[in-house]
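In case you want the letters, here they are:
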Amino acid sequence: FALILAEAGRRYNDALLCPENNSYGYAVIMKLSEMNYKNLYFPSEKDRYSYMYGTKDIGKIGFQTNVKTRNQILTKLEEVLRTKQIMIKSSRLYSELKTFVWKNGKAQAQKGQNDDLIMALAIGVWLYDTSPQLSSHGTDLNSAMLAAFGVSSNSTKNNDHNAGFDKNGNKSILPNGPQSEPNFD
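What counts and what doesn't
Residues numbered from 1 in each chain as written. Predicted model: local features only at pLDDT ≥ 70, side-chain atom pairs only at ≥ 80, totals over all residues. Heavy atoms only, no water. Salt bridge = Lys/Arg side-chain N within 4 Å of Asp/Glu carboxyl O. Helix = DSSP H or I, 4+ residues; strand = E, 2+ residues; numbered from the N terminus. Phe/Tyr/Trp six-rings, centres within 6.5 Å; stacked < 30°, edge-to-face > 60°. Buried < 20%, exposed > 50% of the residue type's maximum accessible area, 1.4 Å probe, protein only.

A. Local environment of the pattern of salt bridges. One pass over the structure, following the stated rule, counts seven salt bridges. Linking Arg11 and Glu7 is a salt bridge whose minimum nitrogen-to-oxygen distance equals 3.0 Å. Taken together, the residues span about one helical turn, with Arg11 and Glu7 both in helix 1 (residues 2-11) at a distance of four residues. Salt-bridge contacts for Arg48 lead to Glu45; the nearest nitrogen and oxygen are separated by 3.7 Å. Of this pair, Arg48 and Glu45 both sit in helix 3 (residues 45-53), separated by three residues, roughly a single helical turn.

Next up, the structure:
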């Protein structure tokens, strides 16, 4: 499975891979590490740097699914599905969602059904929402910081307007460029 993940990750510009680091996922992480796949998820930058420049301890790679994190990621997934922030196009995922129920106070697949795609999506949504490198909030902050720096090729040639503002004095998130909304389709 690690070979498939690494190949898919490389096809998508060395995409961030985030296997669960419980049971079988740990073996996947070991193999990805042996293959020297560079873009693996770490819960903190400290853990990433420690791995890259120090101990090579793979114990911090991946997502730790436990009672607390499971509830967090499923709550976030429920929110983005309810508010239609993502569109489900996978018939397999849709089928899993139809058989995902509450049983004994825990959200889980009905007996004989699977929830693997649901959990993978929930982890992905959680990472996107909480990682500054991936989240739209982080993107908005980065854009605002760039605008605040006032970097503009025109600002030194003429002072008709300041960088971060258009020629009419209106605030521009992306100086001298069109603003674009992310497309999640």
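B. Broad picture of the packing of aromatic side chains. Under the criterion given, the structure shown has two aromatic pairs. Between Phe42 and Tyr51, the aromatic rings sit 5.4 Å apart at their centres with planes inclined by 40°, giving tilted as the arrangement. By relative accessible area, which is 10% here, Tyr51 ends up buried. With a centroid separation of 6.1 Å and an interplanar angle of 15°, the aromatic rings of Tyr49 and Tyr53 are classed as stacked. Of this pair, Tyr49 and Tyr53 both sit in helix 3, four residues apart, roughly one helical turn. Judged by its relative accessible area of 44%, Tyr49 falls in the partly exposed class. Exposure remark for Tyr53: the relative accessible area of 64% places this residue in the exposed category.

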